[in-house]
Amino acid sequence: EPGLGEMPPVPADLQAIPRPVLGYCGARTRLRLDEDLLLHLAHSFPEASFVLLGPADNTGLDKGPLSRMSNVYFPGAKRPEETAAYIRHFDICLNPQALNELTVGNDPRKIDEYLAAGKPVLATATEAMEMFTALIVGCELNKRCSMNIDTVPTTREIKAYVTRAVAFFLRACR
């Protein structure tokens, strides 16, 4: 990966996980993550592994339906200095945020980290993501997303779009 320095070793708990790896780094909470979208992706792409790295909270995201998926992994919380190695070894980085009052204005620092690592990023469209429109797959949806409920894409539209984007990235990873 040009300009990114030496590739760190694959973290031990990532070594046995089959590739391609679609990964998320951050708080694992139903308040921030779109569990239905993650379930849809895990079902739609059984050949891919989904790694959700970070601290869990008491909403039980890692004890719900995602925990029963054979291609979803929860390595747990890592020290900030460790997360760069995980990101560098993800094939696609994810920011599957739930669309709610908590996330709509959120400035996700992880996007900067993902892009700095030279990774393709698939992110849920939120208002804060508009600044990344040219860099991230999924931001095209932002133009139709606003707080006006009539213009927010349906779950079916979001899932169809994300399914096409992941399929594209997975083909590119081969």
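As the structure is a prediction and not an experimental result, all values here were calculated from the model.

(A) Inspection of the environment of Gly26 at higher detail. The residue Gly26 is located in the loop between β1 (21–25) and α1 (35–44) in this model. For the pair Gly26 and Pro108, spaced 82 residues apart in the sequence, the C-alpha separation amounts to 9.5 Å. The residues touching Gly26, leaving out its near neighbours within four places in the chain, are Leu53, Gly54, Pro55 and Lys110.

(B) Main features of the nonpolar core. The biggest cluster of nonpolar side chains holds 36 residues, and the ones touching the most others in it are Leu22, Phe50, Phe90, Leu94 and Tyr114. Counting only elements with at least two residues in this core, the list comes to β1, α1, β2 (49–53), α2 (80–89), β4 (92–95), α3 (109–116), β5 (121–123) and α4 (155–173). Here this core gets 5 residues from one element, more than from any other, and that element is α1. The contact partners of Phe50, leaving out residues within four places of it in the chain, are Leu22, Leu41, Ala42, Phe45, Asn71, Val72, Tyr73 and Leu94.

(C) Region of interest: the sheet that holds β2. Strand order in the open sheet made by the 5 strands is β3-β2-β1-β4-β5, with parallel pairing throughout. Of all the strands in the sheet, just β3 (72–76) and β5 have a single pairing partner and so form its edges. Ignoring which end each strand starts from, the neighbouring axes of this sheet average 25° apart. Where β1 meets β4, 2 bridges bridge the pair, whose relative direction is parallel. By the bridge assignment, Gly23 is partnered in β4 with Cys93.

The rules behind each value
Residues numbered from 1 in each chain as written. Predicted model: local features only at pLDDT ≥ 70, side-chain atom pairs only at ≥ 80, totals over all residues. Heavy atoms only, no water. Helix = DSSP H or I, 4+ residues; strand = E, 2+ residues; numbered from the N terminus. Contact = heavy atoms within 4.5 Å. Core = buried A, V, L, I, M, F, W, Y, C linked by side-chain atoms within 4.5 Å. Buried < 20%, exposed > 50% of the residue type's maximum accessible area, 1.4 Å probe, protein only. Pairing = 2+ DSSP bridges. Axes fitted to C-alpha atoms, helices over the stretch in contact; angles between N-to-C directions.

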